[in-house]
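# Commentary on secondary and tertiary structure
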Amino acid sequence: MASERRLRIKTLVMVLAMVVCANAGDLLLKRGMTEIGAVQLTASGLAQAFRLTVASGTIWVAILFLSGFMLSYMTVLSWADYSYVMPAGAFGYALLTLLAVVFLHESVSARRWVGVVLICAGVLLVGQTKPRTTSVVSEAPA
Amino acid sequence: MRVILVLALLIFGSTGGEIAITHGMKATGEPARLRPLAMLQFLGLAVRNGWFWAGVPLMALSFYSLLVLLSWEPISLVIPASALSYVVGTLGAKYILGEQVSAARWAGVVLVCVGVALVAAG
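As the structure is a computational prediction, the values presented were derived from the model and not from experiment.

## Side note on the overall build of chain A
Looking only at helices and strands, one finds 6 helices and 0 strands in chain A. Counting from the amino terminus, chain A carries its helices and strands in the arrangement α-α-α-α-α-α. A compact globule built from 142 residues would reach a C-alpha radius of gyration of about 14 Å, whereas chain A, at 19 Å, exceeds it by more than 25%. Burial analysis of chain A (142 residues in total) assigns 31% to the buried set. Once local pairs closer than 6 in sequence are excluded, the contacts in chain A between residues at least 24 apart make up 80%.

This is the structure in structure tokens:
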């Protein structure tokens with residue numbers, strides 16, 4: 001059915017946008033906070049960290065990506081099942097491991113590879129199911 | 001004991017928050033088009049839904065629980081334990097949101113849950 005196929009494709013695109021934005025946002029946030037250095041948990045330390053955080057370009061780009069994640073997450077949940085999107089989003093963990101191996105040349109333990117394989121198998125299984133099993137209030141014009 | 005309690009806050013906060021937001025988004029309905037103007041209208045509608053604002057503090061609670069847990073326990077224990085939220089979230093989707101969770105979807109969720117625990121354990 002054409003509408004079923006369209007639903008699958010747009011769900012896939014949104015889940016990919018979610019995963020890319022979440023990973024890019026987390027990595028940039030980590031880089032930004034590393035540039036700032038360890039935060040001292042005192043009033044002056046927190047104030048100092050706050051000033052450095054809002055002045056950091058890296059942190060703002062990270063926030064932009066994380067906002068993109070939230071928007072794509074909200075968008076996909078407006079038509080797809082939570083029990084479809086949530087496990088599908090775990091693909092990000094597998095992607096992060098692959099990126100760490102390819103670009104950062106990190107060594108990955110056998111246990112972690114087993115995890116990656118299980119995640120991919122799980123996401124493929126969930127991906128086989130219907131993205132939407134409940135009725136939706138409004139239908140988008142095609 | 002306190003670790004279990006805060007872990008429960010972490011898991012039920014994030015799944016509860018996401019379920020509330022899902023409920024709000026289903027009430028909002030799909031954006032008419034995936035274009036900037038239509039997306040702004042969509043976002044405006046979404047944030048006027050009460051369920052969205054019920055979800056946000058629950059997710060904030062979950063985030064602070066994560067920070068507290070990370071200050072007590074190593075990350076290689078905290079993230080695998082929080083992978084339980086895939087199972088809790090699926091139960092919530094079935095019994096609260098009324099989604100149909102087929103056997104294939106359950107099998108996928110369990111594989112993802114174990115897989116995430118293994119990846120995060122390193």
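## As for the overall build of chain B
Within chain B, the regular secondary structure consists of 6 helices and 0 strands. Seen through its principal axes, chain B has C-alpha atoms that stretch 45 × 35 × 25 Å. Across the 122 residues in chain B, those meeting the buried criterion constitute 42%. A separation threshold of at least 6 residues defines the contact pool for chain B, and within that pool the share at least 24 residues apart is 78%.

## Quick look at the environment of P36(B)
Tracing the backbone shows P36(B) in helix α2 (residues 36–46). For the pair P36(B) and W72(B), spaced 36 residues apart in the sequence, the C-alpha separation amounts to 43 Å.

## Some remarks on the interface of chain A and chain B
Across the contact, 36 residues belong to chain A and 39 residues belong to chain B. Sort the elements by how many residues they give to the side of chain A that touches chain B and helix α6 (residues 110–128) of chain A lands first, with 13 residues. Here the side of chain A that touches chain B is composed, by residue class, of 21 nonpolar, 12 polar and 3 charged.

## Some points on helix α3 (residues 50–72) of chain B
Residue and element names in this part refer to chain B. Between the first and last C-alpha of α3 there are 34 Å, a value that for 23 residues agrees with the 33 Å anticipated at 1.5 Å per step. Every buried residue of α3 is accounted for by F52, G55, L58, S62, S65, L66 and L69. Taken together, the buried residues of α3 touch α1 (2–28), α2 and α4 (75–82).

## Points about helix α6 (residues 103–121) of chain B
An α-helix turns once per 3.6 residues; consequently, residues spaced three or four apart project the same way. Compared with the 27 Å implied by 1.5 Å per residue over 19 residues, the 27 Å span of α6(B) between its first and last C-alpha is a close match. Every buried residue of α6(B) is accounted for by R105(B), G108(B), V109(B), L111(B), V112(B), C113(B), G115(B), V116(B), L118(B) and V119(B). If you follow the buried residues of α6(B), they end up packed against α4 (82–89), α5 (91–104) and α6 of chain A together with α5 (85–95) of chain B.

## Regarding the packing of α5(B) against α6(B)
Residues and elements named next belong to chain B. Closest axis-to-axis distance for the α5/α6 pair is 8 Å, and the angle between their directions is 155 degrees. Comparing the axis directions of α5 and α6 gives the class roughly antiparallel. Residues Y86, V87 and T90 of α5 form the contact with α6, whose participating residues are V109, V112, C113 and V116. Of the residues that constitute the contact of α5 with α6, the class distribution is 6 nonpolar, 1 polar and no charged.

## What about the confidence of the model for chain B?
Taken residue by residue, chain B gives an average pLDDT of 92. The fraction at 70 or more is 100%. In the predicted assembly, ipTM is 0.90 and pTM is 0.86.

## Describing the nonpolar core
Counting residues in hydrophobic clusters, the biggest one holds 47 residues, and the most contacted among them are M18(A), V76(A), L77(A), V85(A), I119(A), V112(B) and V116(B). The element that contributes the greatest number of residues to this core is α6(B), accounting for 7 residues. Core analysis: the next-biggest nonpolar cluster, separate from the first, contains 7 residues, L7(B), L10(B), L66(B) and V78(B) among them.

## A short note on the packing of α6(A) against α6(B)
Running from N to C, α6(A) and α6(B) point in directions that differ by 155 degrees, and their axes come no closer than 7 Å. Relative to α6(B), the element α6(A) is oriented roughly antiparallel. The two elements α6(A) and α6(B) cross, and the hand of that crossing is left-handed. When the residues that make up the contact of α6(A) with α6(B) are grouped by side-chain class, the tally is 18 nonpolar, 5 polar and 3 charged.

## A look at the environment of A32(B)
Summarising the element assignment, A32(B) is placed in the loop between α1 and α2. Each C-alpha atom, one on A32(B) and one on L43(B), is 12 Å from the other, the two residues being 11 residues apart in sequence.

Conventions used here
- Sequence order as written defines the numbering, with residues in each chain counted from 1.
- Here every chain gets a letter starting at A, and every ligand a number starting at 1, in the order they are written.
- Whole-chain, interface and lining totals are the exception, using all residues; otherwise, since this is a predicted model, local features are given only for residues with pLDDT of at least 70 and side-chain atom pairs are given and counted only at 80 or more.
- Each helix corresponds to a stretch of at least 4 residues labelled H or I by DSSP, and each strand to a stretch of at least 2 residues labelled E; elements are numbered beginning at the N terminus.
- Values of the radius of gyration come from C-alpha atoms, whereas the globule rule sets the reference at 2.2 Å times the count of residues to the power 0.38.
- Residues with at least 20 neighbouring C-beta atoms inside 10 Å of their own are called buried, those with 12 or fewer are called exposed, and the rest are partly exposed, where every C-beta is derived from the backbone.
- Contact between residues is assigned whenever the C-beta positions, reconstructed from backbone atoms, fall within 7 Å.
- Under the convention adopted here, Pro, Cys and the residues Ala, Val, Leu, Ile, Met, Phe, Trp and Tyr are nonpolar, Asp, Glu, Lys and Arg are charged, and Gly plus all remaining residues are polar.
- Helix span, expected: 1.5 Å multiplied by one less than the number of residues in the helix.
- The convention used is that axes are lines fitted to C-alpha atoms, helices contributing only their stretch in contact, and that angles between N-to-C directions extend from 0 to 180 degrees.
- Roughly parallel here means an angle under 35 degrees, roughly antiparallel means over 145, roughly perpendicular means 65 to 115, and every remaining angle is called oblique.
- pLDDT is a residue-level measure of predictor confidence that goes from 0 to 100.
- Nonpolar core, as used here: buried Ala, Val, Leu, Ile, Met, Phe, Trp, Tyr and Cys residues forming one set through C-beta atoms within 7 Å.
- By convention the crossing between two helices is left-handed if the near helix lies anticlockwise of the far one by an angle smaller than a right angle, and right-handed if it lies clockwise.

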